[in-house]
Each structure stands twice: as structure tokens, then as C-alpha cells.
Amino acid sequence: VQVVESGGGLVQAGGSLRLSCEVSGRIFNSGAVGWFRQAPGKDREFVAAIMWRDRSTYYSDPVQGRFFISRDTAKNDVYLQMDSLKPAVTAVYYCAVDDWTANDRISVPRWYDDWGNGTQVTVSA
């Protein structure tokens, strides 16, 4: 499985970006695709995820209501729409695939099996 992120860039505070995650290979119905981010000097943290089986979505508290994860039903593509961006969300954003997930592990990076190289998101004040 190969994972490739795109769509990052520089945007002013209050603006929007849409990240894309293209997955080459099979995504199991038991799995999920998640977005994580890592700012300099900080641990990688969960942003959002979508279960492949039923499209249930999960968000971290800081992004709830401003970020939206979705999938393309015809392709193995997942998107992260990010609105009302703040400088604090500046980070490298990673997409990852978990072959088998559950509610208690969907937000935990170490359970994910395949990762992309990330895309930089920078929000200026």
C-alpha cells in the first residue's frame, strides 16, 4: 500500500485548505484512513479518521467543527477539508491506513500500518 498526500501550502489565518490522500492498494473494510499532524518539537497527533466500512468519522477536539474528512466512493481517496485555519495548526500533515481498526485505537498513530511522507501546512497570522 502506498499513501501520497497533497494539497498543503501556505494560507492566511481564517482561510481554508483541502488535503488529499491517495491510497494505492487495498483498504480493508475492517480498516480506516486517518489524518495526523506533527509540529516541530511535538509528538504526532490525531486529527481525523474515517472508517472504511461505514464511513463513520472521528475528530480530535481541537478540529471538531472546522475540519471535515470524507472519502471518494469510487477511488481510495480521502480528503481533509480544513476551514477557519489558525496559525496553531501549522504542521506536517500525514495520511495513514490501518488495516483493522476499532473505536479505541482509531486515533492512535502506532496502530496504523502505512503512512505517507506528509504535506506541509503553514498558516500565517
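Residues numbered from 1 in each chain as written. Predicted model: local features only at pLDDT ≥ 70, side-chain atom pairs only at ≥ 80, totals over all residues. Heavy atoms only, no water.

### Things to note about the sheet that holds strand β1 (residues 2-6)
Sheet strands line up and pair through hydrogen bonds in the backbone, either parallel or antiparallel.
Alright, step 1. Ordered by their spatial adjacency, 4 strands build an open sheet running β1-β3-β8-β7, and the pairing between neighbours is antiparallel. Sheet topology places β1 and β7 (67-71) at the edges, where each strand pairs with a single neighbour. Neighbour-to-neighbour, the strand axes of this sheet turn through a mean angle of 15°, independent of strand direction.
Alright, step 2. Looking at chain direction, strand β3 (residues 17-24) and strand β8 (residues 77-82) are connected through 6 bridges and run antiparallel. The residue of β8 that forms the bridge with L17 is M82. (Pairing = 2+ DSSP bridges. Helix = DSSP H or I, 4+ residues; strand = E, 2+ residues; numbered from the N terminus. Axes fitted to C-alpha atoms, helices over the stretch in contact; angles between N-to-C directions.)

### Things to note about the nonpolar core
Alright, step 1. With 28 residues, the main nonpolar core has V33, W35, F67, L80, M82 and Y93 as its most contacted residues.
Alright, step 2. Looking at this core, the elements with two or more residues in it are β3, β4 (32-38), β5 (45-51), β7, β8, β9 (91-98) and β11 (119-124).
Alright, step 3. With 8 residues, the next largest nonpolar core counts A32, A49, M51 and Y112 among its residues. (Core = buried A, V, L, I, M, F, W, Y, C linked by side-chain atoms within 4.5 Å. Buried < 20%, exposed > 50% of the residue type's maximum accessible area, 1.4 Å probe, protein only.)

### What about the environment of V123?
Alright, step 1. Examined against the element boundaries, V123 turns out to sit in strand β11.
Alright, step 2. Residue classification places V123 among the buried residues on the basis of a relative accessible area of 5%.
Alright, step 3. Placed 60 residues apart in sequence, V123 and V63 show a C-alpha to C-alpha distance of 15 Å.
Alright, step 4. Setting aside chain neighbours within four positions, we find V123 in contact with V11, Q12, A13, L85, K86, P87, V89 and T90. (Contact = heavy atoms within 4.5 Å.)

### Side note on the environment of K75
Alright, step 1. By secondary structure assignment, the location of K75 is in the loop between β7 and β8.
Alright, step 2. Note: C-alpha distance between K75 and G41 (34 residues apart in sequence) is 35 Å.

### Digging into the side chain of D114
Alright, step 1. Relative to the helices and strands, D114 is located in strand β10 (residues 114-115).
Alright, step 2. Of the side chains with opposite charge, R105 lies nearest to the buried D114, which makes no salt bridge, at 11 Å.
Alright, step 3. Residue contacts for D114: discarding those within four places in its chain leaves V1, V3, C95, A96 and V97. (Lys, Arg positive; Asp, Glu negative; His and termini not counted. Salt bridge = Lys/Arg side-chain N within 4 Å of Asp/Glu carboxyl O.)

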